[in-house]
Amino acid sequence: MSRAQQQTRRLLLRGRAGAVTRCRDFTREALADWQWIAAGDGPPGGGPSPVHEQREDDERARRRERVEDVLLMVSEVVANACLHAGGPVELVLRHGADGLLIEVTDDSPDRPVLRPPRDPALPGGHGLMVLDRLSRSWGWRPAAAGKTVWLEVPPPWQPGPAPDPTLR
C-alpha cells in the first residue's frame, strides 16, 4: 500500500480480555471516519427516482457488506492472536486510496498455518480461511518480539474478491 495520502490508526493492547470487541469498535469508528460507511447509511429509500434510489441502495449495501467483512476479518485475526499467541499487542489500520491494510502484532514468533479445507459445519479452524477468501491478500512477517499478521482489503468502491462458488 502506498504511503502517499495514507492515514494510520494504532490501538495498543495487552492481554485477551475484551480484545476482539475493542478492536471491532476501534475499526468501525475508523471506517466511519474514512467514509467507508456512507453518511446516512441506514434503511434504503428517499431517492428522487426509483432508478437513482436503487443505485444508492446498491451502493449502501456494498459498503455495509465490505464493512462487515472487515469487522469479521479483524475479529478472526485478533481471536487467533488470543487463542494461539497470548493475545494481541497492537492493531494498526492504514487507510489509503487503494484500500485498507490491517496489521495485528502479537508476542508469538509462530507463523499462522492455513489448515486444509474441511467441513464448514465443524467448529474452529476457519479463521485464516476467512482471511484468505475475503481479503485481497494476507500474510505475516516477524516483529521485534513476535509476528505481525497483515491483510489488505479493497475499499468499498472497488470490487472485492470474487465469491467462491464452492461455498454455495
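Located above this text is the structure these notes cover.
Cut-offs used in this document
- Residues numbered from 1 in each chain as written.
- Predicted model: local features only at pLDDT ≥ 70, side-chain atom pairs only at ≥ 80, totals over all residues.
- Heavy atoms only, no water.
- Salt bridge = Lys/Arg side-chain N within 4 Å of Asp/Glu carboxyl O.
- Helix = DSSP H or I, 4+ residues; strand = E, 2+ residues; numbered from the N terminus.
- Buried < 20%, exposed > 50% of the residue type's maximum accessible area, 1.4 Å probe, protein only.
- Expected span 1.5 Å × (residues − 1).
- Arc of directions from axis to C-beta.
- Core = buried A, V, L, I, M, F, W, Y, C linked by side-chain atoms within 4.5 Å.
- Contact = heavy atoms within 4.5 Å.
- Polar contact = N/O pair within 3.5 Å; in protein donor to acceptor, adjacent residues only side chain to side chain.

Some remarks on the pattern of salt bridges
If you walk through the whole model with that rule in mind, you get seven salt bridges. Two residues, Arg10 and Glu90, come together in a salt bridge whose shortest N-O distance is 3.3 Å. Taken as a pair, Arg10 in strand β1 (residues 7–12) and Glu90 in strand β2 (residues 88–96) lie far apart in primary sequence, 80 residues in all. On the accessibility criterion, Glu90 (16% relative accessible area) is buried. The network of salt bridges with common partners includes Arg94, Glu103 and Arg141.

Digging into the environment of Pro109
Here Pro109 lies in the loop between β3 (99–106) and α3 (127–134). Taking the C-alpha atoms as reference points, Pro109 and Gly146, 37 residues apart in sequence, are found 4.2 Å from one another.

So, helix α1 (residues 19–33)
For α1, which comprises 15 residues, the first-to-last C-alpha distance of 21 Å matches the rise-based estimate of 21 Å (1.5 Å per residue) to within 8%. Among all positions in α1, only Ala19, Cys23, Phe26, Thr27, Ala30 and Leu31 are buried. The buried residues of α1 occupy one face: seen down the axis, they fall within an arc of 130°. Just beyond α1, the residue with positive phi is Gln35, at close to 65°.

Here's the deal with the nonpolar core
By size, the foremost hydrophobic cluster in this structure holds 30 residues, and its most contacted members are Val70, Leu91, Leu100 and Ile102. Of all the elements in the fold, those that place two or more residues in this core are α1, α2 (50–84), β2, β3, α3 and β5 (147–153). Ranked by residue count, the leading element in this core is α2, at nine residues. Setting aside chain neighbours within four positions, we find Ile102 in contact with Val70, Val74, Leu91, Val92, Leu93, Val149, Trp150, Leu151 and Val153.

A short note on unusual backbone geometry
Positive phi, close to 65°, is recorded for Gln35, a residue that is not glycine. One can find Gln35 in the loop between α1 and α2.

Focus on the environment of Arg9
Positionally, Arg9 belongs in strand β1. In this structure the C-alpha to C-alpha distance between Arg9 and Arg94, which are 85 residues apart in sequence, comes to 6.6 Å. Among all residues touching Arg9, those that are not within four sequence positions of it are Phe26, Glu29, Ala30, Asp33, Trp34, Leu91, Val92 and Leu93. Of the polar contacts made by the side chain of Arg9, one reaches the side chain of Asp33; its length is 2.8 Å.

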